[in-house]
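Structural overview for review
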Amino acid sequence: ESALERAEREQTQGDLAEAAASYLEAARGFEETGALQDAGFAMAEAAMCAQQLGDVDGAHAAFIASLARLRAADTPAENLTPVLSAWAPVAAELDATAVVLDHIDAIVAQVEAVVDADDLSEALAERRGNERRHVIASLDDAAARLIASAPQSEPGRSVDAAMARGMKAAESYGALGDFSNAAFGFWLVGELASDHGKMDEAIWALESAVEGFGLARNRDRRAEVGGRLVGLLRESGQDARADEVVAQLAS
């Protein structure tokens, strides 16, 4: 049984402390053979085990080590997004969001700079372009949620920045036909806008979220966000519009 196999077995059995140690052992073994990507993913698993155990400092350190190895191995951006998303709440708890946001911004810039070869067919070039846009949207969404969890006064880290980045992600998801993720993105923007007294922006975003959940056929979320939207409309004196939303939700 290899260290990785042992770690996976221990994790499945719920022995998270043992699994974390085994994942770190596996990571060291991978690194000795030059397999930096495998080492990075093993460290990410160790980080998530530590996170579940409440070892926030240990998880944060393991995530830092993981991203260093994954990026050194030129790991595809779409494979980095889940690791960054898992790291975000840990960093927020330690008031260390900047390091995660720096990684996200660097990866977004890297993906945006990709230029396809001229000899690609039109269909393949479009597919690859859409794949990159989806990766960027997921990174922007992760950044928006992270900024929202710990807003700061500096440029790019404020509530307004979180709203702008969340809106960009949601609109990109919508353009790509990923209506579920688009709806969750609009919902985030709507709640942020509402919390900070931006009623018009909140209503527009929540209307978009309701529409997105409808297209995604997620009735439960559509009803939940719709109820929130109705409450804001009535709060702002738009009773007729609120009644229209109620009728739409009932149909």
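What counts as what
Residues numbered from 1 in each chain as written. Predicted model: local features only at pLDDT ≥ 70, side-chain atom pairs only at ≥ 80, totals over all residues. Heavy atoms only, no water. Helix = DSSP H or I, 4+ residues; strand = E, 2+ residues; numbered from the N terminus. Buried < 20%, exposed > 50% of the residue type's maximum accessible area, 1.4 Å probe, protein only. Contact = heavy atoms within 4.5 Å. Lys, Arg positive; Asp, Glu negative; His and termini not counted. Charge placed at Lys NZ, Arg CZ, Asp CG, Glu CD. Axes fitted to C-alpha atoms, helices over the stretch in contact; angles between N-to-C directions. Parallel < 35°, antiparallel > 145°, perpendicular 65-115°, else oblique. Left-handed = near helix turned anticlockwise from the far one by under 90°. Nonpolar A, V, L, I, M, F, W, Y, C, P; charged D, E, K, R; others polar. Core = buried A, V, L, I, M, F, W, Y, C linked by side-chain atoms within 4.5 Å. Phe/Tyr/Trp six-rings, centres within 6.5 Å; stacked < 30°, edge-to-face > 60°. Polar contact = N/O pair within 3.5 Å; in protein donor to acceptor, adjacent residues only side chain to side chain. Salt bridge = Lys/Arg side-chain N within 4 Å of Asp/Glu carboxyl O.

This part covers the overall build of the chain. Looking only at helices and strands, the chain has 12 helices and zero strands in total. Oriented by its inertia axes, the alpha-carbon framework of the chain measures out at about 65 × 50 × 40 Å. Evaluated residue by residue, the chain yields a buried proportion of 41% over its 251 residues. Considering only residue pairs separated by 6 or more positions, the chain has 53% of its internal contacts joining residues 24 or more positions apart. Distance from the positive charge centre (21 side chains) to the negative charge centre (44 side chains) of the chain: 4 Å.

Our next topic: unusual backbone geometry. For residues other than glycine, phi is negative in most cases, and the peptide bonds are mostly trans. Its identity as a non-glycine residue notwithstanding, Asp 95 has a phi of 55°, on the positive side. Among the structural elements, Asp 95 can be located in the loop between α5 (77-93) and α6 (97-112). Of note, the phi angle at Arg 217 is positive, near 60°, even though the residue is not glycine. By the secondary structure assignment, Arg 217 is in the loop between α10 (199-215) and α11 (219-235).

One way to put it is that helix α4 (residues 56-72) packs onto α6 with a least axis distance of 12 Å and a crossing angle of 20°. The angle between α4 and α6 places the two elements in the roughly parallel class. As α4 packs across α6, the resulting crossing turns out to be left-handed. Here His 60, Leu 67 and Arg 71 of α4 come into contact with α6, specifically with Val 99, His 103, Ala 106, Ile 107 and Gln 110. Along the lines of polarity and charge, the residues of the contact of α4 with α6 split into four nonpolar, three polar and one charged.

The contact between helix α8 (residues 159-175) and helix α9 (residues 179-195) brings their axes to 8 Å, and the two run at 160°. The pairing of α8 with α9 is recorded here as roughly antiparallel in orientation. Helix-helix and strand crossings are classified by hand; for α8 and α9 the assignment is left-handed. Packed against α8, whose contacting residues are Ala 162, Met 163, Gly 166, Met 167, Ala 170, Glu 171, Tyr 173 and Gly 174, the element α9 presents Phe 179, Asn 181, Ala 182, Gly 185, Phe 186, Val 189, Leu 192 and Ala 193 at the interface. Residue composition of the contact of α8 with α9, grouped by class: 11 nonpolar, four polar and one charged.

A word on the nonpolar core. Phe 63, Leu 84, Trp 87 and Ile 104 are the most contacted members of the largest nonpolar core, which totals 61 residues. Sequence-distant contacts of Ile 104, defined by excluding residues within four places in its chain, comprise Leu 84, Leu 139, Ala 142, Ala 143 and Arg 165.

Our next topic: the packing of aromatic side chains. Applying the stated criterion to the full structure yields five aromatic pairs. Taken together, a centroid distance of 6.1 Å and an interplanar angle of 25° make the contact between Phe 184 and Trp 187 stacked. Highlighted residues: Phe 184 and Trp 187, both in helix α9, separated by three residues, approximately one helical turn. Take Phe 184: its relative accessible area is 25%, and that puts it in the partly exposed class. Centre to centre, the rings of Phe 186 and Trp 204 are 5.7 Å apart; their planes meet at 80°, and the pair counts as edge-to-face. Of the two residues, Phe 186 is situated in helix α9 and Trp 204 in helix α10; the sequence distance between them amounts to 18 residues.

Moving on: the side chain of Thr 75. Turning to its location among the elements, Thr 75 is positioned in the loop between α4 and α5. The buried category is assigned to Thr 75, whose relative accessible area is 4%. A polar contact of 3.0 Å, which involves the side chain of Thr 75, links it to the side chain of Gln 37. When residues no more than four places from it in sequence are discounted, the contact partners of Thr 75 are Gln 37, Phe 41, Leu 70 and Leu 80.

Position of Leu 232 among the secondary structure elements: in helix α11. Overall, Leu 232 belongs to the buried group, its relative accessible area being 1%. In sequence terms Leu 232 and Ala 164 are 68 residues apart; their C-alpha atoms lie 21 Å from each other.

Moving on, we get to the pattern of salt bridges. When their charged atoms lie close together, side chains carrying opposite charge are able to pair. What the rule picks out here adds up to 16 salt bridges. Asp 102 is paired through a salt bridge with Arg 157; the nearest N and O atoms lie 3.4 Å apart. Here Asp 102, found in helix α6, pairs with Arg 157, found in the loop between α7 (122-149) and α8; they are 55 residues apart in sequence, far enough to count as distant. For Asp 102, a relative accessible area of 47% puts it in the partly exposed group. Here Glu 131 ties to Arg 127 by a salt bridge, and the two come within 3.0 Å at their closest N and O atoms.

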